[in-house]
Amino acid sequence: YFCRHGERWELQLKGSGKTPYSRNGDGRAVLRSSVREFLCSEAMHYLGIPTSRAASLVVSDDDVWRDQFYNGNIKKERGAIVLRLAKSWFRIGSLEILAHSGELDLLRRLLDFIIQEHFPSIALNDSSRYLEFFSTVVSETANLIALWMSVGFAHGVCNTDNFSLLSITIDYGPFGFMDSYDPNFVPNTSDDEKRYKIGNQANVGLFNLSKLLQALKPLLDPRQKQLASQILEGYGERYYSRFTELFKTKLGLLGENENDNYLIAFLLKVSLLC
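- The protein is annotated in an unreviewed UniProt entry as Selenoprotein O of Climacteris rufus.
- Database annotation for the protein, UniProt heading Cofactor (unreviewed entry): "Mg(2+)".
- Under Sequence similarities (unreviewed entry), UniProt gives the following word-for-word description of the protein: "Belongs to the SELO family."

Written as structure tokens, this is what we have:
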């Protein structure tokens, strides 16, 4: 799909029914979650955070049965379909599944396609293109999660299948915004172990990127593998730098001062006590 500005967007229907990827699900969506995705993805866009967009929402006459609170109380709800847009819907999991099944030729072809379509700064004839691709994804993922943290957004299900290779926010499921600062905030009622609590999002990002590196390794030579590991080690520094930059902007802190980080940490601790 091409918009009037010459940009290309991929369209995707959420809730339209079963697909080859629905597993045991019915492929439907309920109205309440569809409205939330529509509103939040648009809000994130206007907050300046990379995200998929919502183009339309259509209410369905079909009934959908859901256990909203995962307590065994299944109820009939109104169905809906969201037409959502993104520059790409490829995820870390899109590469991970090919590497896991040993489909390396297909993995290489898919990677080359993604690079050609969405990473124009990387030359396809460059023998280091996969390394450059990985470096870009690591940097942009750190940036995205820092942006999430800057507005108190918790994704809710940060697995590799919900992490975009273009480092945009996709697949709004059990997401949430903190009303007040709480690093243990979990918007997903089924996440009993609090794996995806907001204070753990940066660590989960690192975990997912390590899975991406594992998927890329069959296509890297020994030297590139070593360099890729070093790039991954730099993720924490990149995230912390961007996080600090965003919070300094919020506080109106100019220039560099050795007490800036202390002040940010202190204010977050104060807000936690409140």
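## Considerations on the packing of aromatic side chains
Part 1 of the argument: Using the criterion set out here, one finds eleven aromatic pairs in the structure.
Part 2 of the argument: Centre to centre, the rings of Phe90 and Phe113 are 6.3 Å apart; their planes meet at 80 degrees, and the pair counts as edge-to-face. Residue Phe90 is located in the loop between strand E4 (75-86) and helix H2 (92-100), and its partner Phe113 is located in helix H3 (residues 104-118); the two are separated by 23 residues in the primary sequence.
Part 3 of the argument: In this structure Phe113 comes out as partly exposed when scored by relative accessible area, which is 36%.
Part 4 of the argument: Taken together, the aromatic side chains of Trp148, Phe153, Phe163, Tyr172, Phe175 and Phe177 make up a single cluster linked through ring pairs.
Part 5 of the argument: In this arrangement the basic side chain of Arg36 is found over the ring face of Phe175, its NZ or CZ atom lying 4.2 Å from the centre.
Part 6 of the argument: Positioned above the aromatic ring of Trp9, the side-chain terminus of Lys87 is 5.0 Å from the ring centre.

## A closer look at helix H1 (residues 31-46)
Structural remark: α-helix, 3.6 residues per turn; residues separated by three or four positions point the same way.
Part 1 of the argument: Taking 1.5 Å of rise per residue, the 16 residues of H1 would be expected to cover 22 Å, and the 23 Å separating its terminal C-alpha atoms lies within 8% of that figure.
Part 2 of the argument: Of the positions making up H1, those classed as buried are Ser34, Glu37, Cys40, Ser41, Glu42 and Met44.
Part 3 of the argument: Once H1 ends, the next one or two residues include Gly48, with phi positive near 85 degrees.

## What to know about H3
Part 1 of the argument: In this model, H3 (15 residues) spans 21 Å end to end at C-alpha, consistent with the 21 Å of a helix rising 1.5 Å per residue.
Part 2 of the argument: All of the buried residues along H3 are Leu107, Leu110, Leu111, Asp112, Ile114, Ile115 and His118.
Part 3 of the argument: Against the buried residues of H3 lie strand E1 (10-14), H2, helix H4 (129-150) and helix H5 (201-216).

## Observations regarding the nonpolar core
Part 1 of the argument: Ranked by size, the top nonpolar core spans 55 residues in total, and within it Leu95, Phe133, Trp148 and Leu212 carry the most contacts.
Part 2 of the argument: The greatest single-element share of this core, amounting to 13 residues, is contributed by H4.
Part 3 of the argument: Per-domain counts for this core show at least three residues from each of domain 1 (10-86) and domain 2 (92-250).
Part 4 of the argument: Here Trp148 is in contact with Met44, Ile49, Phe153, His155, Cys158, Phe163, Thr169 and Gln201, once residues within four sequence places are set aside.

Here is what the cut-offs are and how they apply
Residues numbered from 1 in each chain as written. Predicted model: local features only at pLDDT ≥ 70, side-chain atom pairs only at ≥ 80, totals over all residues. Heavy atoms only, no water. UniProt positions renumbered as here; feature names shortened; annotations may be inferred. Phe/Tyr/Trp six-rings, centres within 6.5 Å; stacked < 30°, edge-to-face > 60°. Helix = DSSP H or I, 4+ residues; strand = E, 2+ residues; numbered from the N terminus. Buried < 20%, exposed > 50% of the residue type's maximum accessible area, 1.4 Å probe, protein only. Lys NZ or Arg CZ within 6 Å of the ring centre and 35° of its normal. Expected span 1.5 Å × (residues − 1). Contact = heavy atoms within 4.5 Å. Core = buried A, V, L, I, M, F, W, Y, C linked by side-chain atoms within 4.5 Å. Domains from an automatic or database assignment.

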